[in-house]
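Structural features, examined
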Amino acid sequence: MSDLLDRLRGRGWRLTAQRRVVAEVLDGDHVHYTADEVHAKAAELLPEISRATVYNTLGEMVTLGEVLEVSTDGRAKRYDPNAHHAHQHLVCSRCGTIRDVHPSGDLLAGLPAEQRFGFQVSAVEVTYRGLCPGCTAG
């Protein structure tokens, strides 16, 4: 489970009922919902929550660095609460399912020095693509 609620509390972020519900929806492993999915799930818990409130709350969480925006293949942005746990993503090319993965070793080692073109590399993002079990079965 992610520790999103605890992190937000620790930052002194005012947890209104709406913000709390958005954070609760995002809490968990392998969570990568679109803003519309967050709104639909939040509305089940707090029917009066508006789409604008969800979008604004997600934007604030991203700005705080507590949630990551994940974009894959031009699909809708997804929101990942595991902002403080280094990981990469495994994405289904057909349905868009995303899973967090934790490859071992130094990901930068795969990029030889001559291929860095003098860049001082500060971060590495790797996306593994393929078909999930549900898509290979059907």
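Report follows, based on the coordinates. Bear in mind that the values here come from a model prediction, so they are computed numbers and not experimental data. (Residues numbered from 1 in each chain as written. Predicted model: local features only at pLDDT ≥ 70, side-chain atom pairs only at ≥ 80, totals over all residues. Heavy atoms only, no water.)

What follows is about the overall build of the protein. For the protein, the count of helices and strands is five helices and six strands. Each helix (α) and strand (β) of the protein, taken in turn from the N terminus, gives the series α-α-β-α-α-β-β-β-β-β-α. Its C-alpha atoms give the protein principal-axis dimensions of roughly 55 × 45 × 25 Å. With 138 residues in all, the protein has 34% of them scored as buried. For the protein, contacts bridging at least 24 residues in sequence account for 50% of all contacts bridging at least 6. Carbon and sulfur atoms make up 51% of the accessible area of the protein, which totals about 8,200 Å². Taking the average place of the 15 positive charges on the side chains of the protein and the average place of its 18 negative ones, the gap between the two points comes to 3 Å. (Helix = DSSP H or I, 4+ residues; strand = E, 2+ residues; numbered from the N terminus. Buried < 20%, exposed > 50% of the residue type's maximum accessible area, 1.4 Å probe, protein only. Contact = heavy atoms within 4.5 Å. Areas by Shrake-Rupley, 256 points an atom, 1.4 Å probe, with all protein chains shown as cover. Lys, Arg positive; Asp, Glu negative; His and termini not counted. Charge placed at Lys NZ, Arg CZ, Asp CG, Glu CD.)

Take the sheet that holds strand S4 (residues 88-92) next. The three strands lie next to each other as S5-S4-S6, forming an open sheet whose pairing is mixed. With partners counted over all chains shown, the strands left at the sheet margins are strand S5 (98-101) and strand S6 (127-130), one partner each. Pairwise comparison of adjacent strand axes, ignoring direction, gives a mean angle of 25° for this sheet. With four bridges joining them, S4 and S6 adopt parallel strand pairing. Bridging from a neighbouring strand, valine 91 pairs with arginine 129 of S6. (Pairing = 2+ DSSP bridges. Axes fitted to C-alpha atoms, helices over the stretch in contact; angles between N-to-C directions.)

Glancing now at helix H3 (residues 35-45). Among the residues of H3, Ala35, Val38, His39 and Ala42 are the ones counted as buried. Down the axis of H3, the sector holding all buried residues measures 100°, keeping them to one side. (Arc of directions from axis to C-beta.)

In this structure, Leu4, Leu8, Val22, Leu26, Val38, Leu58 and Met61 are the most contacted members of the largest nonpolar core, which totals 21 residues. Residue contributions to this core peak at five residues, all from helix H2 (residues 17-26). (Core = buried A, V, L, I, M, F, W, Y, C linked by side-chain atoms within 4.5 Å.)

Mapped onto the secondary structure, arginine 78 falls in strand S3 (residues 78-80). With relative accessibility at 16%, the residue arginine 78 sits in the buried group. A polar atom in the side chain of arginine 78 sits 2.8 Å from the backbone oxygen of histidine 32. Among the polar contacts listed, one links the side chain of arginine 78 to the side chain of glutamate 37, at a separation of 3.3 Å. Once residues lying within four places of it in the same chain are set aside, the contact partners of arginine 78 are His32, Tyr33, Thr34, Glu37, Leu68, Glu69, Val70, Gly96 and Ile98. (Polar contact = N/O pair within 3.5 Å; in protein donor to acceptor, adjacent residues only side chain to side chain.)

A separate point is the pattern of salt bridges. Inspection of every chain in the model, using the stated rule, returns eight salt bridges. Note that lysine 77 is salt-bridged to glutamate 69, the shortest N-O span being 3.8 Å. Beyond isolated ion pairs, a larger network of salt bridges with shared partners links Asp3, Arg7, Arg11 and Glu66. (Salt bridge = Lys/Arg side-chain N within 4 Å of Asp/Glu carboxyl O.)

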